[in-house]
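In case you want the letters, here they are:
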Amino acid sequence: MLKYLLRRLIFGLPTLVGISIVIFVVMRVLPGDPLVAMFGAEGFQRLNPGDRARIMSDLGLSDPLPVQYVHWMKDIASGSFGRSFFRGDRVSELVLHRGPLSAEIGLLSVLISWLVGLPVGITGAVRPNSLADNVVRSVSVLFLAIPGFWLGMLIVLASLFWFHYKAPLVVVQLWEDPWTNFQLAIGPATVLGLGQGAYIARMTRSCLLEVIGEDYVRTARAKGVAERLVVVRHALPNALLPVITVSGILMGFVLGGSVAVEQAFGVPGLGTALVTAIVERDIVVVQNLVLLYGVIFMLVNVLVDLSYALLDPRIHHE
Amino acid sequence: MAEPSASLSDSETVDRRAFLKRFAVAAGGAMIESLPGRSRARAGAAEEAFQLRALEPDPKRGGTLRYGVASSPAHFDIHQSGTVANIGAQGPMYDNLIRRDPRDGQTIIPDLAYRWDIAADGKGYTFHLRSGVKFHDGADFTAEDVKATFSRIIWPPTGIVIPRRPLFSAVSEIRVLGPHKIEFRLKEPRPRGFMFSAFASGWNVIVRKKTLEENDYNLRQTPNYPGTGPFRHVSRKKDEVWLMERNPHYWNTPLPYLDRLAVYNFAPFSPELGAALLGGKLDYARIVDTATLRRAQEQPGMTGATYYQSVVDAVWVNTRHKPFGDPRVRRAMHLALDRHALIDVVKEAAPYLLGGFVYPFSEWATPRNEMIQRLGYQQDPKPAVEEARRLMAAAGYAAGLRNVDFVVREGTSWKLWAVAIQAMLKEALDIETKLRTVQISAFFEETQGGNFDLSIGAIVSTLIDPSDYFNAWYGEDGPQNYSKWHDPAFQRLVAQIDRELDERRRRALVRQGETILEQDPPFLPVAWEQLSDAWYTYVKGQQPRHIFGIYDVARWDVAWLDK
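Summarised in this report is the structure supplied together with it.

Calculation criteria
- Residues numbered from 1 in each chain as written.
- Chains lettered and ligands numbered in written order.
- Predicted model: local features only at pLDDT ≥ 70, side-chain atom pairs only at ≥ 80, totals over all residues.
- Heavy atoms only, no water.
- Helix = DSSP H or I, 4+ residues; strand = E, 2+ residues; numbered from the N terminus.
- Contact = heavy atoms within 4.5 Å.
- Lys, Arg positive; Asp, Glu negative; His and termini not counted.
- Charge placed at Lys NZ, Arg CZ, Asp CG, Glu CD.
- 1 Å grid on protein atoms, 1.4 Å probe; cavity = no way out; pocket = protein on both sides within 12 Å on 5 of 7 lines; lining within 4 Å.
- Points joined across faces, edges and corners; volume = space filled by probe spheres on them.
- Nonpolar A, V, L, I, M, F, W, Y, C, P; charged D, E, K, R; others polar.
- Pairing = 2+ DSSP bridges.
- Salt bridge = Lys/Arg side-chain N within 4 Å of Asp/Glu carboxyl O.
- Polar contact = N/O pair within 3.5 Å; in protein donor to acceptor, adjacent residues only side chain to side chain.

1. Observations regarding the overall build of chain A
Part 1 of the argument: Helix and strand counts for chain A come out as 12 helices and zero strands.
Part 2 of the argument: Mapped from its N terminus to its C terminus, chain A presents α and β elements in the order α-α-α-α-α-α-α-α-α-α-α-α.
Part 3 of the argument: Taken along its principal axes, the extent of the C-alpha atoms in chain A is 85 × 55 × 35 Å.
Part 4 of the argument: Contacts in chain A between residues at least 24 apart in sequence constitute 73% of all its contacts with a sequence separation of at least 6.
Part 5 of the argument: The positive charge centre, built from 24 side chains, and the negative charge centre, built from 22, are 7 Å apart in chain A.

2. Focus: empty space enclosed by the protein
Residue and element names in this part refer to chain B.
Part 1 of the argument: The tally for this structure, following the rule as stated, stands at nine cavities of 30 Å³ or more.
Part 2 of the argument: In this structure, the largest cavity occupies an estimated 110 Å³ of space.
Part 3 of the argument: Lining of the largest cavity is provided by 13 residues; of these, Asn-96, Gly-202, Asp-552, Ala-554 and Arg-555 occupy positions nearest its centre.
Part 4 of the argument: Considered class by class, the residues forming the lining of the largest cavity number seven nonpolar, three polar and three charged.
Part 5 of the argument: Roughly 70 Å³ of internal volume is contained in the second largest cavity.
Part 6 of the argument: Lining the second largest cavity we find 13 residues, and of these Ser-71, Ser-72, Lys-237, Asp-239 and Glu-240 sit closest to its centre.
Part 7 of the argument: Of all the secondary-structure elements, those providing two or more residues to the lining of the second largest cavity are strand 9 (231-237), strand 10 (241-246) and strand 11 (260-265).
Part 8 of the argument: Its residues assigned to classes, the lining of the second largest cavity comprises four nonpolar, three polar and six charged.

3. Regarding the pairing of strand 8 (residues 181-186) of chain B
Residues and elements named next belong to chain B.
Part 1 of the argument: In the sheet, strand 6 (residues 124-129) pairs with strand 8 via five bridges, with the strands oriented antiparallel. Residue pairing in the sheet places Phe-127 in a bridge with Ile-182 of strand 8.
Part 2 of the argument: Bridge analysis of strand 7 (residues 171-178) against strand 8 gives six bridges, and the strand direction is antiparallel. Directly across from Val-171, in strand 8, lies its bridge partner Leu-186.
Part 3 of the argument: Between strand 7 and strand 8, which follow one another and run antiparallel, lie two residues.

4. Section: the interface of chain B and chain A
Interfaces are often sized by the accessible area lost when the parts come together.
Part 1 of the argument: In this assembly, 49 residues from chain B lie in contact with 45 residues from chain A.
Part 2 of the argument: Joining chain B to chain A, the criterion identifies two salt bridges.
Part 3 of the argument: Between Glu240(B) and Arg98(A) there is a salt bridge, with the nearest N and O atoms lying 3.8 Å from each other.
Part 4 of the argument: Our count for the contact surface shared by chain B and chain A stands at seven residue pairs in polar contact (both at pLDDT 80 or more).
Part 5 of the argument: Elements represented by at least two residues in the side of chain B that touches chain A include exactly strand 9, helix 6 (271-278) and helix 13 (440-448) of chain B.
Part 6 of the argument: When residues of the side of chain B that touches chain A are assigned to their parent elements, the largest contribution, six residues, is made by helix 13 of chain B.

5. Description of the layout of surface pockets
Residues and elements named next belong to chain A.
Part 1 of the argument: Estimates place the volume of the second largest pocket at around 570 Å³.
Part 2 of the argument: The set of elements that each furnish at least two residues to the lining of the second largest pocket consists of helix 3 (49-58), helix 4 (65-78) and helix 12 (283-311).
Part 3 of the argument: It is helix 4 that provides the largest number of residues to the lining of the second largest pocket, a total of four residues.
Part 4 of the argument: Of the residues contributing to the lining of the second largest pocket, the split by class is 10 nonpolar, 12 polar and eight charged.

Have a look at this one:
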């Protein structure tokens, strides 16, 4: 198992290097000047070419691209991830401050997607084409179709105008004030979770329908095992493997979706920080956050692979 | 200098005429009584005892004001900044030499300078500074700090960019005459109203000489450098909230009335800002969208106001690209815009004003009733369009133009306008444009690089005085002259306007300049910005109705909470 884990992590390295090169090059090729954000429109227009060149040099943007890339890798190796162009804040501090909230939102959304998606999928598979199945299928299609940021905005507006409620404005960590923290995380997590839940429900239904038709399920029924146990003990564990795989892939969507959904809810997580950094052309912050998202996505997929062995004894990672 | 007026009520509204009247009073207040030998400002006679008070008779002490505004600056150097993200958050921590009265937003009143004299030749401005004032770190405030501050503004070291530098282009020397006395020497006299407005600009906060020296005169990455202002730094959560507490040693007792100020970061016009205010998480929101303003004005216990902003939205026409160097083509395009319709197009997003090339609400502008008789500003656009077609035909472009590159700055109003202007140019003059929307960081690269035929966006000025923006927007080397427009007659006129000391003659020169700009437009004015704030009525002492721009009145020292 350990060997397998190491091998996966080593194989993942070229992927991460690829991501780092792509984002590094893209951020430098795209039009736009970080000095606009730094000096404001009025100040930027008064910069003479000499000042501009000097400041770009101070920011490390005048070096040849390979040199800039090596500097970035050194920053990563040192664990600091460099400093924001603006204000000089360390990216590592940004990640430590906002990362826990975004991680909570991601994990909570996965939990919600399973809590919603599994029962809905099971209901549809156990009673296919029944009224309940049709209703839940329609609802799941609805959540697949609705963009998360739009649903987020609706929830914010509805809670504001109906209940005069607005979530807290600043990051409060779970260990500082659990209730306030929960108020921050629950909105985006619900929206992201419902979107994922729709995928989970559809995958669960189709996989379970397939498994329910297998011989061993018929045998279990023939032996007089209660229907609930047949489904939960015998059919479901075998149907879950593809669902877990989908969950791993969906994690990528959560990471991507969280950027827009955090914005919609006004939650100051890493997604919001990424949007701000893109608008400001804060190259250091953008490239580090994108790479961080890449690392998380890769690790989640390794964990998904490892979980197969736990669910299916036939699978051994050697 | 006029003593602050104390006649404004919280419910009072201001129209253009009232604003002009007040601004004229304020400008007049900035004018100096002529005395033999040396002249002295009237408010200067108020001596060191002058202290500001809330407008209301019985202000309450205490409480925390939760204020929502763009307050995540890209750096911390107020002098080098041009965005509300700096002045909105950091303004309460600093004082100026002189300032605009926060109660009317217009009258210039004493601040760290309690008195001033102007030499008879108009070339010397001497400021008498308060003694006993301390920076937040306990250091004494002296004339050396004023000299260090203004020296950096006027003669910035290499790598330091200060947008307000041109306001002091006439200053030749700053002399410290004593620990609390300082003189600014001018190469030649300038209109006094202009000079006082420049000194009173909210951007020109006084920082400590030692702070500048210790940071190599660059405060971009120096958070929380000490000021003398009514509030002092407590903590800052990046992009979230900036907490400040009352400065217990503030020289202007009993200000400030608030114990704490929590400045939350929200993008202007954003639904998040409106939601935070309406959801009760904020007490006061700056630059709200129209829907939030309307809701605040309808909701009991809340209110809101719209005020003038120092920004024009315009379409720049690249005079270096054929045929836009021809004034007839530019004037034709100027006349083809139905400005009333354009203002209507964006009214749900933001409030705008009709205007030409001069701040339409300023005493310098052609009055509105005259303006709307003029081609290009009439309710009925037909006569203007007929004239525009005639001009295009005379220029040899009766058949219109094709493939005109139209760069659009990312933003709700500009995107809406670009589509409307595209249709107007096509319908009136058969000019076919291709829209190219770009982010703000790319917009300036494109416009300054001249990579456009037409370009829509906005520009800002520091002062309402034409000497500031005539040079910056229309000057040959003006940093915001994106069209690369040049008119020798206009340049000569601007030099005269800059030096003319007689207000009446100066106003006449500005009108002459306006005529040139109408006939040979450096850009196509679309509309002039207004902004809106909304707040709960228990927030007292803030009078955003009367201000020009959001940069001069950002200190919250006279605000208090009635609860």
